[in-house]
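# Observations on the three-dimensional arrangement
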Amino acid sequence: MRALLVVNPKATTTSGRTRDVLIHALRSDLKLEVAQTEYRGHARDLAREAAEDGTVDLVVALGGDGTVNEAVNGLLSHGPGEKVPRLAVVPGGSTNVFARALGLPNDPVEATGALLNALEARRERPIGLGKAMTEGLPDRWFTFTAGLGFDAGVVGRVEEQRRAGRRSTHALYVGQALRHYVTQREQRRSGPVTLEMPGRGPVPGLVLAIVSNTSPWTFLGNRPVYPSPLASFDTDLDVFGITRMTAFGTARTVRQILRSHSASSDGSAPVGPSGKHVVSYHDARHFTLVSQEPAPFQVDGDHLGDRSRVSFTGVRRALRVIV
């Protein structure tokens, strides 16, 4: 199999020596070309070229969720189709939500072993993806989440800290979330975002709106976080929102999303967060988030600036993944 390995040399959890070991292991089973990313968006460009020239069967992304998202957008630059190369992932970031949601080990060496086993057994899985469309930006595919409002604001704060030299850690995210909560007092009381969904009345006043393509939404260390526990690569999109963030109500919701499970031991459907200010929808194909004023927008943990209107579509069986 002809493969392109797209390597993010700045990936948080992989050293140069580890990458050399992984490349050697992959070359034992693949006709492998290796390319290192040199700028933001480079993984997208490399994957797009691989899809367009038709000489590659598989693109392997070695990096975090940002590298994976770029690779996916490159592969699908002309839309889904049978001729699109397959995707494989070797996690190398701080969280690796997409890889872990697929059931891959979080350790890059173990994940490479799992990938080689999947290749030998010819195992692949078609997965659904989300697509976000907003004025002023190209359409953006996402693998596990997008958001408008509070959560995207936290992502923006984290990116500012990383540009200042801070390392991406779970503690950094938690710290910035607490800072954002303290400083956004007015937005916590009356959110600017409205959810518009075909066949339903508008839902105004959202402080945050989290769109999920799979579950969990993210991880705090090894602990999964489930705002939308029914979200799946096999369905369309889930939406979770909060219309008011009081100290007591927010603490209650946080406990719920940490306590929820993607599968119940008795076989019943998992139960997500609930409450007076909680909004939740499962398996939605099309919807739009509209903000009274430009609000922070993020896709797969990548802050894309402030936006007033973003439309979302769930696309089933959009990409084939080796897993």
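Residues numbered from 1 in each chain as written. Predicted model: local features only at pLDDT ≥ 70, side-chain atom pairs only at ≥ 80, totals over all residues. Heavy atoms only, no water.

### Digging into the overall build of the protein chain
- Helices and strands together make up the secondary structure of the protein chain, namely nine helices and 16 strands.
- Taken against the 2.2 N^0.38 rule, which gives 20 Å for 323 residues, the C-alpha radius of gyration of the protein chain at 19 Å falls within 12% of a compact globule.
- When burial is assessed residue by residue, the protein chain has 53% of its 323 residues classed as buried.
- Only carbon and sulfur atoms are counted for the fraction: they give 49% of the accessible area of the protein chain, which is about 14,900 Å².
- The protein chain carries 39 positive and 32 negative side-chain charges, and their two centres are separated by 6 Å. (Helix = DSSP H or I, 4+ residues; strand = E, 2+ residues; numbered from the N terminus. Rg over C-alpha atoms; globule rule 2.2 N^0.38 Å. Buried < 20%, exposed > 50% of the residue type's maximum accessible area, 1.4 Å probe, protein only. Areas by Shrake-Rupley, 256 points an atom, 1.4 Å probe, with all protein chains shown as cover. Lys, Arg positive; Asp, Glu negative; His and termini not counted. Charge placed at Lys NZ, Arg CZ, Asp CG, Glu CD.)

### Focus: the layout of surface pockets
- Within this model, the second largest pocket holds a volume of roughly 390 Å³.
- Together, 19 residues line the second largest pocket, and Arg-44, Asn-73, Pro-138, Asp-139 and Arg-140 are the ones closest to its centre.
- Sort the elements by how many residues they give to the lining of the second largest pocket and helix α3 (residues 65-75) lands first, with four residues.
- In terms of residue class, the lining of the second largest pocket is built from five nonpolar, six polar and eight charged. (1 Å grid on protein atoms, 1.4 Å probe; cavity = no way out; pocket = protein on both sides within 12 Å on 5 of 7 lines; lining within 4 Å. Points joined across faces, edges and corners; volume = space filled by probe spheres on them. Nonpolar A, V, L, I, M, F, W, Y, C, P; charged D, E, K, R; others polar.)

### Details of the nonpolar core
- Val-72, Leu-87, Phe-98, Ile-127, Leu-129 and Leu-319 are the most contacted members of the largest nonpolar core, which totals 33 residues.
- The residues touching Ile-127, leaving out its near neighbours within four places in the chain, are Phe-98, Leu-102, Phe-233, Arg-316, Arg-317, Ala-318, Leu-319 and Val-321.
- Counting residues in hydrophobic clusters, the runner-up holds 24 residues, among them Leu-195, Leu-206, Phe-297 and Val-310. (Core = buried A, V, L, I, M, F, W, Y, C linked by side-chain atoms within 4.5 Å. Contact = heavy atoms within 4.5 Å.)

### Section: the pairing of strand β16 (residues 302-322)
- Taken together, the nine bridges between strand β5 (residues 124-133) and β16 define a ladder with antiparallel strand orientation. Looking at the pairing, Arg-125 lines up with Val-321 of β16.
- In textbook terms, the turn of a hairpin is the stretch between consecutive antiparallel strands, and for strand β15 (residues 286-299) and β16 this stretch comprises two residues, one of which, Asp-300, has a positive phi near 50°. (Pairing = 2+ DSSP bridges.)

### Details of the side chain of Asp-236
- Residue position: Asp-236 is located in the loop between β12 (223-225) and β13 (237-242).
- By relative accessible area, Asp-236 is classed as buried at 3%.
- Among the polar contacts listed, one links the side chain of Asp-236 to the side chain of Arg-285, at a separation of 2.6 Å.
- The contacts of Asp-236, once residues within four sequence positions are left out, are Asp-283, Ala-284, Arg-285, Gly-314, Val-315 and Arg-316. (Polar contact = N/O pair within 3.5 Å; in protein donor to acceptor, adjacent residues only side chain to side chain.)

### Here we look at helix α1 (residues 16-27)
- Given a rise of 1.5 Å per residue, 12 residues ought to cover 16 Å, and the 16 Å separating the end C-alpha atoms of α1 matches this to within 8%.
- Within the span of α1, buried status applies to Arg-19, Leu-22, Ile-23 and Leu-26. Viewed along the axis of α1, the buried residues span an arc of 100°, placing them on a single side of the element. Opposite its buried face, α1 presents the exposed residues Arg-17, Asp-20 and His-24, each directed more than 90 degrees away. (Expected span 1.5 Å × (residues − 1). Arc of directions from axis to C-beta.)

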